[in-house]
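Listed below, chain by chain, are the residues.
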Amino acid sequence: MASLTAILIAPAADADSPVFYSADGAAVSGYDAVAYFMTGQPVMGDPDISVMWKGVVWRFVSQKNREAFEANPRAFAPQFGGYCAYAVGKGYLMSADPTAWRIVDGKLYLTHSAEVADMWQEDIPGNIVLAEQHWPQVLRQ
């Protein structure tokens, strides 16, 4: 519970926060956003197979995945900019762990950790509604 408290009281990002969270300049911490949909698991992308979209680099495991993303990036990009979906619902920005994920109604959601994912999954529809109420305004807090 202490870790949850730390997550919820962490400061939100400043007004210069990018729309998509990136670790070391790569969206989804370098994981292939298309792979979640194609293989049903997170797969680290190849830095040599990448594309710039919305100010961050997106990496892929194959040229086929890169082309699928380029054809329709919004179909594969994680919701709420790849920030933790649970935290966005609480009005904060937090990093996300690409291995703590879920696809709901054809959309990719990431959370901060497996522990947070468990809490988020207790009421997925309600938590999505809360996050939608805060997004994208939470970027400007």
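About the criteria used
- Residues numbered from 1 in each chain as written.
- Predicted model: local features only at pLDDT ≥ 70, side-chain atom pairs only at ≥ 80, totals over all residues.
- Heavy atoms only, no water.
- Helix = DSSP H or I, 4+ residues; strand = E, 2+ residues; numbered from the N terminus.
- Buried < 20%, exposed > 50% of the residue type's maximum accessible area, 1.4 Å probe, protein only.
- Contact = heavy atoms within 4.5 Å.
- Core = buried A, V, L, I, M, F, W, Y, C linked by side-chain atoms within 4.5 Å.

## Section: the overall build of the chain
A count of helical and extended segments in the chain gives seven helices and six strands. Written out in order from the N terminus, the α and β elements of the chain read α-β-β-α-β-β-α-α-α-β-β-α-α. The proportion of buried residues among the 141 residues of the chain is 43%. Counting contacts in the chain only where the partners sit at least 6 residues apart, residues at least 24 apart contribute 60% of the total.

## Focus on the nonpolar core
The biggest cluster of nonpolar side chains holds 20 residues, and the ones touching the most others in it are F80, V88, L93, Y109, W120 and W135. For this core, the secondary-structure elements that each account for two or more residues are α5 (85–89), α6 (114–120) and α7 (124–134). When residues of this core are assigned to their parent elements, the largest contribution, four residues, is made by α5. Counting 19 residues, the second largest nonpolar core, distinct from the first, contains Y31, V34, Y36 and F69.

So far we have only geometry, and geometry alone does not tell us how the molecule works.
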